[in-house]
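A look at the structure
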Protein chains: 2
Amino acid sequence: MKKFINAVDDVLGESLDGFAAAHADLVVLGAERKFVRRRELNSKKVALVSGGGSGHEPLHAGCVGYGMLDAACPGQVFTSPTPDQIVEAAQAVAGDAGVLFIVKNYAGDRMNFEMAAEIAEGRTATIVTDDDVAVEKSTYSIGRRGVAGTLIVEKIVGAAAERGADLTSCVALGERINAQTRSMGVALTSCTVPAAGMPTFALGEDEMEMGVGIHGEPGRRRVKLAQADAIAAEMITAIADDLGARAGAEALLLVNGFGGTPTIELYLMYNAARRMLEERGLRIARSLVGSYVTSLDMAGCSLTVSLLDSESAALWDHPVRTAALKW
Amino acid sequence: MKKFINAVDDVLGESLDGFAAAHADLVVLGAERKFVRRRELNSKKVALVSGGGSGHEPLHAGCVGYGMLDAACPGQVFTSPTPDQIVEAAQAVAGDAGVLFIVKNYAGDRMNFEMAAEIAEGRTATIVTDDDVAVEKSTYSIGRRGVAGTLIVEKIVGAAAERGADLTSCVALGERINAQTRSMGVALTSCTVPAAGMPTFALGEDEMEMGVGIHGEPGRRRVKLAQADAIAAEMITAIADDLGARAGAEALLLVNGFGGTPTIELYLMYNAARRMLEERGLRIARSLVGSYVTSLDMAGCSLTVSLLDSESAALWDHPVRTAALKW
C-alpha cells in the first residue's frame, strides 16, 4: 500500500484537520470531528445535512458552504457515520425551517440517518439518492446505489434552500432531481482501503470492472480493457436508455474521476460522452469535469447525466462557495 | 497501460476538444488546437501567455480566463509547444500593452518561447519560473525546474495585469513572486506517457522518489517509503531552509497532487506541512489543496511555499474565473 499516511487509524482525523484548516474561511470542524459545518449559519433557511463513509472526498465535506450543504458527517473510510454524529450535526445547524438529510442509498447510511431522524429534535425530512444504473442490488445496498448524482442533488436543493424554499419543497425538488439523474462507473484499478492494506478487488492488467460501485463493489461485468469511446458508449447507452431522455432535452453532464485518474483522461471521456449524448439529440447545457465523488485511489470514472429544466438550470447556476464547487 | 484513451496520437486533441466544450463559457480553442484563449479579451491589459508540455492538466489551459492567463499553448505530452503555436497565441490575444510569456524552466520551453518572442510582432517580455528546490540540474533543465509555483506566479501576475499593471511592472512582480516561492515533489509511483505505453521509471513496492520532477525526472534520492510526517518534514526542511523564511512571515501553502493521489491524502499532507511551517514561526495566510500541476497518472504530491506580503496576498485574493481556479 503506497499512500501518504502516518497510521491507519489516524487517516480520517488528520485529513479532516487539514481540510478544516485549509478552508477555515468556509467551515468549522465540530467537537470530536463529528461533523463539518458552515462557518456562517443562516437560521432562517432549511438546513441541509449529508454524510457517509469517507474515502469519497471532496464529497461531502467539500460541499459544505453557501449554496450547498450546512453540515456533513464523515464516517470512517467506507463506513456510515453514526446516528450520534448525525444528530449533533443536525442540532448544530438546525434553524426554524427544519433539517433535510440527503442520504446515498446504502443500508448502513439509511439506517443511521433514520435513527438520527428519530432522535433529533425538530422537523426533519430525508431524500435518498439512487442514481447508479449499473446494478439493482449490491454489496451494501438494496435497490440502486447513490453515487455521483448526489452532488447534483446537493447543489440544486442547496440553491433552493438558500433562496428560501421550505422543507416540503426541498424534498419534492430533491426527489425530482434524483429521478432525472443517472450514473454509471467503470474501474481500471481497485481502490485500497488503508485499514485493509491491500486492494479491495483484483483486476488483471487487461481488465476493467464495468458498473463498479464507489466502494469497489462489483458492477455488471468484468471485461477486457477497451478504448475510451467503447467504454463511454456502453455507459451512455445504459444511462440514456434508463433515463428515457427524449431528443431535444437539456442535460447536465458530469464526468467524475474516482481518485486515481488524471484530468487529461477525464476531459477525453467528457469529449466522447458529450458527442454520444448529442447524437441522441440531447443538448449538454451544463458540464462538470473533475474528481468529486471518489473511491480513494481507484483509477476509473463515472458518467452522470441529469435532465435539466429552466428551474433546475437556474438553481445549478446559483452561486456556491464550498471547497469543491465555487461559482 | 490502463488509461481512458482511444489512440495514442489522439489523446491531446480529444482531451482539448473536451476541455474547450466543457468550458465554452470561458475559453475558445484556436485553429488546429494550437492554443486555448479567453473567450472575452481585453485589449487594454498586458496579455499573459503560458504553455508547456501537456500531461500537467489543469495547468496551463485550466488557468486561462479572467484574472489569470489570456492564452495557453499545449505541447504534446511532456513536449514543448512549438514557436509557431506560441506566436499564434500571442497574436490572438495581444492588445496595446504587450505580451508577457510565463515559461517553466525547461530547455525546450525556453528555446521555443525565445524563438516566438523574436518572431512575434509587438512588445513581449518573459518570466521564467524555477521554484523546484530538489535539484540544480535535471533531465530537461539547466538550473532549477519550474513546477507548481508557476501556478502562483500566473495567478498573482494575472491579477496585477487585470488591475492595469504595465508590462515592466508585471515582469518585476513575476520575478519577485518566483523568487519568494519554493517547491519540492515526491513520487510514490511513476507516470506512464501514453506514447511510451509503460512507466517512465521503476519504483519498488516499498520505494519513493524524493524530489521527483513533474515529468518523472529523477529527484534527490530513491528511498524507502516513509510515513507522511517524515515525507513532509524532509520536503518542508528543504523548502524552508532554501527560502530562508524568517519567523513571523506570512505564506501561501499549496499542496499539489500529481494525478494519481486522492484528495483525502492531500489534506493529510497539508495538515502535516502546515504544522511544520507553523513550528518554524510562519503563518499560513492562504492555502490551496488539489491536483493542479500534475504528472499524468503519477501518485505523489508536491509542496509549495510562497511568501506573501500585503500586495501579493491582495492579488492572490483578486477574483479569478478559470476552469481550475474560481473565486
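Notes on the structure follow.

Reading the values: rules and limits
- In this convention, every chain numbers its residues from 1, walking through the sequence in written order.
- Going through the entries in the order they are written, you letter the chains from A and number the ligands from 1.
- Local features in a predicted model are, by the rule used here, given only for residues with pLDDT of at least 70; side-chain atom pairs are given and counted only at 80 or more, and totals for whole chains, interfaces and linings are based on all residues.
- The basis for every side-chain value is the complete set of heavy atoms in the structure, and neither hydrogens nor water enter the calculation.
- Under the scheme used here, helices are H or I runs from DSSP no shorter than 4 residues and strands are E runs no shorter than 2 residues, and both carry numbers assigned from the N terminus.
- Only C-alpha atoms enter the radius of gyration, while the globule expectation follows 2.2 Å times N to the 0.38, with N the number of residues.
- The cut-offs for exposure are 20% and 50% of the maximum accessible area for each residue type, with area from a 1.4 Å probe on protein chains only; residues under the lower value are buried, those over the upper are exposed, and the others partly exposed.
- For this analysis, residues touch if any pair of their heavy atoms sits within 4.5 Å.
- Computed by Shrake-Rupley with a 1.4 Å probe, the accessible areas treat only the displayed protein chains as cover when residues are assessed.
- Charge convention: Lys and Arg are scored as positive, Asp and Glu as negative, and His as well as the terminal groups of each chain are ignored.
- All charge positions are set by atom: Lys at NZ, Arg at CZ, Asp at CG, Glu at CD.
- Copy-to-copy alignment: least squares on C-alpha atoms, limited to residues at pLDDT 70 or above in both.
- For patches, a residue must show more than 30% relative accessible area and have no salt bridge; joins then use 9 Å for like charges and 5 Å for nonpolar side chains, namely Val, Leu, Ile, Met, Phe, Trp and Tyr.
- Just to be clear on terms, a salt bridge is a Lys or Arg side-chain nitrogen sitting within 4 Å of an Asp or Glu carboxyl oxygen.
- Directions are taken from the helix axis to each C-beta atom, and the arc is the one they span.
- Nitrogen and oxygen atoms within 3.5 Å of one another constitute a polar contact, given that in protein one can donate a hydrogen and the other can accept it, and given that sequence-neighbouring residues count only through two side-chain atoms.
- One bridge is not enough; two strands pair if DSSP finds at least two bridges between them.
- Note on handedness: a clockwise path from strand one over the helix to strand two, with the strands aimed away from the viewer, defines a right-handed crossover.
- Any two of the Phe, Tyr and Trp rings considered here, Trp counted by its six-membered ring, make a pair once their centres fall within 6.5 Å; the pair's planes then place it as stacked at under 30 degrees, edge-to-face at over 60, or tilted in between.
- A ring is scored as having a charge over it whenever the NZ atom of a lysine or the CZ atom of an arginine sits within 6 Å of its centre and within 35 degrees of its normal.
- A simple way to read buried area is as the amount of 1.4 Å-probe accessible surface that goes missing from two parts once joined, with both sides added.
- The angle between two axes is taken between their N-to-C directions and runs from 0 to 180 degrees, where each axis is a line fitted to C-alpha atoms and a helix contributes only its stretch in contact.

1. Some remarks on the overall build of chain A
Helices and strands together make up the secondary structure of chain A, namely eight helices and 14 strands. Expected size for 327 residues packed as a compact globule is a radius of gyration near 20 Å; at 19 Å, chain A falls within 12% of this value. For chain A, the spread of C-alpha atoms along the principal axes amounts to about 50 × 50 × 35 Å. A buried classification covers 64% of the 327 residues belonging to chain A. Nonlocal contacts in chain A, meaning residues at least 24 apart in sequence, comprise 73% of its contacts between residues at least 6 apart. Surface accessibility of chain A: about 11100 Å² in total, with carbon and sulfur atoms responsible for 49%. One finds the centroid of the 31 positive side-chain charges in chain A at a distance of 4 Å from the centroid of its 41 negative side-chain charges.

2. A look at the relation of the copies chain A and chain B
Of the transformation superimposing chain A on chain B, the axial component is 0.0 Å and the angular component is 180 degrees, with the fit at an RMSD of 0.0 Å. On this basis, the relationship between the two copies can be described by a two-fold rotation axis. Among all residues of chain A, the one whose C-alpha sits closest to the rotation axis is Gly260(A), at a distance of 2.0 Å. Comparing interface residues between copies, 100% of those in chain A also lie at the interface in chain B; the contact surface is shared.

3. Some words on a nonpolar patch on the surface
A contiguous nonpolar surface patch, about 300 Å² in accessible area, is contributed by Met111(A), Met115(A) and Ile119(A). Considering the arrangement of structural elements, one finds Ile119(A) in helix α3 (residues 107-119).

4. Side note on helix α8 (residues 310-317) of chain A
All names here are of chain A. Residues of α8 that are buried: Ser-312, Ala-313, Leu-315 and Trp-316. Seen from one end, α8 has its buried residues packed into an arc of 165 degrees, which puts them on one side. Against α4 (149-162), α5 (167-179), β12 (250-257), β13 (283-290) and β14 (300-308) lie the buried residues of α8. By the N-cap criterion, in which a side-chain oxygen at the helix start approaches the backbone nitrogen of a residue two or three places on, α8 is capped by Asp-309, the distance to Glu-311 being 3.1 Å.

5. With respect to the pairing of strand β12 (residues 250-257) of chain B
Residues and elements named next belong to chain B. Burial analysis of β12 places seven of its eight residues in the buried class, which makes it a mostly covered element. Across seven bridges, β12 lies against strand β13 (residues 283-290) in parallel orientation. From the neighbouring strand, Leu-253 faces β13, where its bridge partner is Ser-287. Crossover handedness for the path β12 to helix α7 (residues 263-279) to β13: right-handed.

6. Some words on the packing of aromatic side chains
For the structure on display, the rule yields six aromatic pairs over all chains. Its guanidinium or amino end placed over the ring of Tyr66(A), Arg321(A) lies 4.7 Å from that ring's centre, counting from NZ or CZ.

7. Re the interface of chain A and chain B
The interface of chain A with chain B comprises 54 residues on the first partner and 54 residues on the second. On the chain A side of the interface with chain B, the three residues burying the most area are Lys2(A), Phe4(A) and Ile264(A), jointly 23% of the side's total. The tally of links from chain A across to chain B stands at two salt bridges. Ionic pairing is found between Lys3(A) and Glu265(B), a salt bridge with its closest N-O pair at 3.9 Å. Joining chain A to chain B, the criterion identifies 22 residue pairs in polar contact (both at pLDDT 80 or more).

8. Focus: the pairing of strand β5 (residues 99-104) of chain A
All names here are of chain A. The buried count for β5 comes to six of six residues, which makes it a mostly enclosed element. By the bridge criterion, four bridges tie strand β3 (residues 47-54) to β5 in an arrangement that is parallel. Looking across to β5, one finds that Ser-50 is bridged to Ile-102. As paired elements, β5 and strand β6 (residues 124-129) share six bridges and run parallel to each other. Each residue of the ladder has a partner; that of Lys-104, found in β6, is Thr-129. Handedness of the crossover joining β5 and β6 through α3 is recorded here as right-handed.

9. Topic: the sheet that holds β12(B)
Residue and element names in this part refer to chain B. Strand order in this open sheet of six strands is β11-β10-β9-β14-β12-β13, and the pairing throughout is mixed. If you trace the sheet from one side to the other, it starts and ends with β11 (221-224) and β13, each paired once. Averaged over neighbouring strand pairs, the angle between their axes works out to 20 degrees when direction is ignored. Pairing analysis gives four bridges linking strand β10 (residues 207-210) to β11, with the strands arranged antiparallel.

10. Some points on the environment of Ile86(A)
Mapped onto the secondary structure, Ile86(A) falls in helix α2 (residues 83-93). Linking Ile86(A) and Met115(A), residues 29 residues apart in sequence, is a C-alpha distance of 9.1 Å.

11. Digging into the sheet that holds strand β2 (residues 36-38) of chain A
Residue and element names in this part refer to chain A. A sheet is described by the order of its strands in space; here six strands give the open sequence β1-β2-β4-β3-β5-β6, paired in mixed fashion. Single-partner strands in this sheet number two, and they are β1 (27-29) and β6. Here the strands of the sheet are splayed against their neighbours by 20 degrees on average, with no regard to which way each runs. As defined by bridge partners, β1 adjoins β2 across three bridges and the pair is classed as antiparallel. Across the sheet, Val-27 pairs through a bridge with Arg-38, a residue of β2.

Function cannot be inferred from these measures alone, as they are strictly geometric.
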